[in-house]
Amino acid sequence: MIFIVIGIFIIFYSFINYKKGFSLYLCYKLILVTNITVISSPGLPLLTLEMAMTLIYIILFIFNGAKYQRAHMKFQFTLPIWLYVASLFISSLLSVAGLGTEISNLIKQLSENVVLIWIAWQIIEFKEDFYYIFKIITAIILFSCVYGFVEYFLQKNPLTEFEATLNNDPNRTIDYSYDSDFRGYRVNSIFEHAIGAGIIWGLYASVVFIAVKEKQLKGDKAIVPLVTAFLCIICVFLTKMRSTYLFLFICILSLINLKSPKFYLLLFIILIVGAICVPFISPDIINVLTSFFNSDSANAVSGSSLEMRLDQFKAAFQLMSISPIFGLGPSFTDVMEGTLIDRLLGSESIWLGVITQLGVIGIIAYIIQVFYFIYKVPKNFKNKYLFIVSLAYWITATVTSMPGFKIIYLYLFLFYIIKNTEYYKLQITRGRIYTFNFNSGAFKVRKIKI
């Protein structure tokens with residue numbers, strides 16, 4: 001009930017100020033998991049609180065939000081988004097499960113992964129908008145880190161246990177808990193899954209370190225975010241998920257500057273601190289770290305292997321042959337069973353889902369999407385952060401599934417970087433550049449020649 005009350009409060013506030021209300025919702029989404037439902041009765045379509053609020057915000061945007069400042073440049077991911085919509089719609093229409101089964105999922109995917117992202121591009125425009133979101137998310141992330149430490153100490157998650165009671169249909173209650181035999185307890189904190197938690201923490205830490213490096217966040221304003229970012233790194237390791245380590249390591253590449261003496265000093269400090277901390281680090285974490293290049297450690301932590309993943313892809317392509325062009329539809333596993341379905345093992349890669357559900361059309365749509373993320377958009381704005389963080393996401397999504405991570409937060413990071421480039425500022429109407437100072441909080445407008 002408490003989650004619904006908070007949601008209603010945020011929605012009512014949005015009638016007064018849609019932009020800030022929408023920004024609050026983007027922050028609130030961090031803690032909204034599938035088990036927090038509005039409708040979860042047997043025989044009725046599942047309606048989570050997150051989905052209900054998303055639909056409300058789309059409706060509010062149509063009637064009220066459109067009056068707010070629009071983006072000064074067209075949406076940079078239009079082509080891949082439209083291709084994704086087309087592939088999803090066609091595969092749902094021709095799904096082996098039938099359109100009736102697919103319709104609720106179709107609405108959810110289009111609302112969350114298309115419309116909501118487009119609205120964010122349109123109205124989250126200036127640095128003050130991003131900073132407003134950043135301050136709230138910092139508070140949420142800081143709490144999540146503290147709670148993560150408590151969870152690790154207790155070796156249980158009372159919040160997750162409480163959220164499971166909010167779903168009235170036991171068949172729809174999601175339990176992402178892991179057996180602790182191989183790696184010990186894995187932390188997910190206030191988030192739905194350990195992988196999603198680790199990627200959220202890694203992404204937040206990357207945002208803070210990039211902002212500090214680019215001197216967009218400094219002085220007293222940087223203290224709490226930096227402390228939170230370092231706590232995030234510790235929590236990433238507490239997830240004991242190789243995929244979250246991989247994501248964090250790739251993101252950190254964006255901070256490397258081989259020409260800077262400060263980099264080598266920082267590297268030296270990190271190595272010394274790391275050496276001092278090794279005796280205090282859990283053997284489970286050491287095994288997960290060394291499992292990347294040591295077969296004995298890989299066997300000790302269990303989890304997916306290359307052989308297992310290749311067999312999953314082999315099964316996926318065999319299933320794809322049933323409907324190679326349009327795929328079997330997002331819900332095909334609800335009506336199909338057999339050895340091939342079992343061999344998918346939950347489709348632990350974004351591509352396993354694309355191959356089986358969307359077919360050739362979906363594969364093409366996603367390849368173009370990857371092209372835009374890691375080449376076209378970074379090249380257009382000449383920004384390495386866009387490239388490296390996008391690369392981290394797609395590599396991680398390729399090697400594993402990413403339950404609990406919502407792609408809107410990756411887009412928010414990309415939007416912030418894009419809208420802070422000089423190239424974007426030059427597109428602003430009538431040659432005005434809007435600037436926001438993190439330290440003073442001053443919002444200024446200055447004219448430039450275009």
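Draft legend 1. Region of interest: the overall build of the protein. Across its full length, the protein holds 19 helices and four strands. Counting every position in the protein, which comprises 450 residues, the buried fraction comes to 50%. For the protein, contacts bridging at least 24 residues in sequence account for 76% of all contacts bridging at least 6. Counting only carbon and sulfur atoms, one obtains 67% of the accessible surface of the protein, whose full area is about 21600 Å².

Draft legend 2. Structural detail: empty space enclosed by the protein. Enumeration over the complete set of coordinates arrives at two cavities of 30 Å³ or more. Lining the largest cavity we find 18 residues, and of these F134, I137, V207, L412 and F413 sit closest to its centre. Elements with a minimum of two residues in the lining of the largest cavity: α6 (127-154), α8 (194-213) and α18 (408-419). Take the lining of the largest cavity: its biggest share by element is six residues, from α6. Each residue belonging to the lining of the largest cavity can be placed in one class, and the counts come to 18 nonpolar, no polar and no charged.

Draft legend 3. Region of interest: a nonpolar patch on the surface. A grouping of F89, L93, L94, L99, I103, I107, I325 and F326 is seen on the molecular surface, where their side chains present a nonpolar patch of about 670 Å² in accessible area. Breaking the nonpolar patch down by element, the ones donating at least two residues are α4 (78-93) and α5 (99-123). When residues of the nonpolar patch are assigned to their parent elements, the largest contribution, three residues, is made by α5. Relative to the elements of secondary structure, I325 occurs in the loop between α14 (306-320) and α15 (339-344).

Draft legend 4. Focus on the packing of α6 against helix α9 (residues 223-239). Contact geometry of α6 with α9 gives a least axis separation of 9 Å together with a crossing angle of 40°. The orientation of α6 with respect to α9, classified from their angle, is oblique. The element α6 and its partner α9 pack so that their crossing is left-handed. Counted together, F134, T138, I141, L142, C145, F149 and Y152 of α6 and V224, P225, T228, L231, C232, I234, C235 and L238 of α9 form the full contact between these two elements. When its residues are assigned to classes, the contact of α6 with α9 shows 13 nonpolar, two polar and no charged.

Draft legend 5. Quick look at the pattern of salt bridges. Scanning all chains against the criterion turns up seven salt bridges. Here E125 ties to K419 by a salt bridge, and the two come within 2.6 Å at their closest N and O atoms. Separated by 294 residues along the polypeptide, E125 in the loop between α5 and α6 and K419 in helix α18 bring together distant segments of the chain. Accessibility classification places E125 together with K419 in one group, the buried group. Through salt bridges with shared partners, one network takes in K29, E50, E112 and K406.

Draft legend 6. Looking closely at the environment of I11. Structurally, I11 is set in helix α1 (residues 2-16). A residue is classified by how much of its surface remains accessible, and I11, at 13% relative accessible area, is buried. With 13 residues separating them along the chain, I11 and L24 place their C-alpha atoms 9.3 Å apart.

Draft legend 7. Structural view of α14. Over its 15 residues, α14 runs 21 Å from end to end, which matches the ideal 21 Å to within 8%, given 1.5 Å per residue. All of the buried residues in α14 are R309, Q312, F313, A315, A316, L319 and M320. Here the buried residues of α14 occupy an arc of 160° about the axis, which is enough to place them on one side. For α14, exposure combined with an orientation more than 90 degrees from the buried face picks out L306, E307, L310 and K314. Here the buried face of α14 lies against α15, α16 (350-381) and α17 (384-399).

Draft legend 8. A look at the nonpolar core. Among the nonpolar cores identified, the biggest contains 124 residues, and F22, F77, I141 and W201 are the most heavily contacted of them. With 13 residues, the top contributor of residues to this core is α8. Contact partners of I141, with chain neighbours within four places excluded, come to L30, F191, I200, W201, Y204, T228 and C232.

Draft legend 9. Local environment of the packing of helix α10 (residues 242-252) against α17. At a closest axis distance of 8 Å, the pairing of α10 and α17 adopts a crossing angle of 160°. Between α10 and α17, the interaxial angle falls into the category roughly antiparallel. Here the hand of the crossing between α10 and α17 comes out right-handed. Of the residues in α17, those touching α10 at S243, L246, F247, I250 and C251 are I388, V389, A392, Y393, I395, T396 and V399.

Draft legend 10. View of the side chain of N157. With respect to the helices, strands and loops of the structure, N157 is situated in the loop between α6 and α7 (158-164). Residues within four places of N157 in sequence aside, it is in contact with Y147, E151, Y185, N188 and S189.

Draft legend 11. Seen up close, unusual backbone geometry. In the Ramachandran plot, K215 falls in the positive-phi region, its phi being about 60° despite a non-glycine side chain. Looking at the secondary structure, you find K215 in the loop between α8 and α9. A relative accessible area of 62% means that K215 is categorised as exposed. The phi dihedral of K240 falls on the positive side, at around 55°, and the residue is not glycine.

Draft legend 12. Structural context of the packing of aromatic side chains. Summed over the entire model, instances satisfying the criterion amount to 33 aromatic pairs. On the numbers, 5.3 Å between centres and 35° between planes, the contact of F371 with Y375 is tilted. Note that F371 and Y375 are positioned in helix α16 at a spacing of four residues, about one turn of the helix. Overall, F371 belongs to the partly exposed group, its relative accessible area being 40%.

Draft legend 13. The arrangement of the confidence of the model for the protein in detail. Predicted confidence across the protein gives a mean pLDDT of 85, with 85% of residues reaching 70 or more. Under a pLDDT of 50 for its full length, residues 430-450 has, in the predicted model, 45 contacts with residues more than four places off or in other chains.

Calculation notes
Residues numbered from 1 in each chain as written. Predicted model: local features only at pLDDT ≥ 70, side-chain atom pairs only at ≥ 80, totals over all residues. Heavy atoms only, no water. Helix = DSSP H or I, 4+ residues; strand = E, 2+ residues; numbered from the N terminus. Buried < 20%, exposed > 50% of the residue type's maximum accessible area, 1.4 Å probe, protein only. Contact = heavy atoms within 4.5 Å. Areas by Shrake-Rupley, 256 points an atom, 1.4 Å probe, with all protein chains shown as cover. 1 Å grid on protein atoms, 1.4 Å probe; cavity = no way out; pocket = protein on both sides within 12 Å on 5 of 7 lines; lining within 4 Å. Points joined across faces, edges and corners; volume = space filled by probe spheres on them. Nonpolar A, V, L, I, M, F, W, Y, C, P; charged D, E, K, R; others polar. Patch = residues over 30% accessible without salt bridge, like charges linked within 9 Å, V, L, I, M, F, W, Y side chains within 5 Å. Salt bridge = Lys/Arg side-chain N within 4 Å of Asp/Glu carboxyl O. Axes fitted to C-alpha atoms, helices over the stretch in contact; angles between N-to-C directions. Parallel < 35°, antiparallel > 145°, perpendicular 65-115°, else oblique. Left-handed = near helix turned anticlockwise from the far one by under 90°. Expected span 1.5 Å × (residues − 1). Arc of directions from axis to C-beta. Core = buried A, V, L, I, M, F, W, Y, C linked by side-chain atoms within 4.5 Å. Phe/Tyr/Trp six-rings, centres within 6.5 Å; stacked < 30°, edge-to-face > 60°. pLDDT = per-residue confidence, 0-100.

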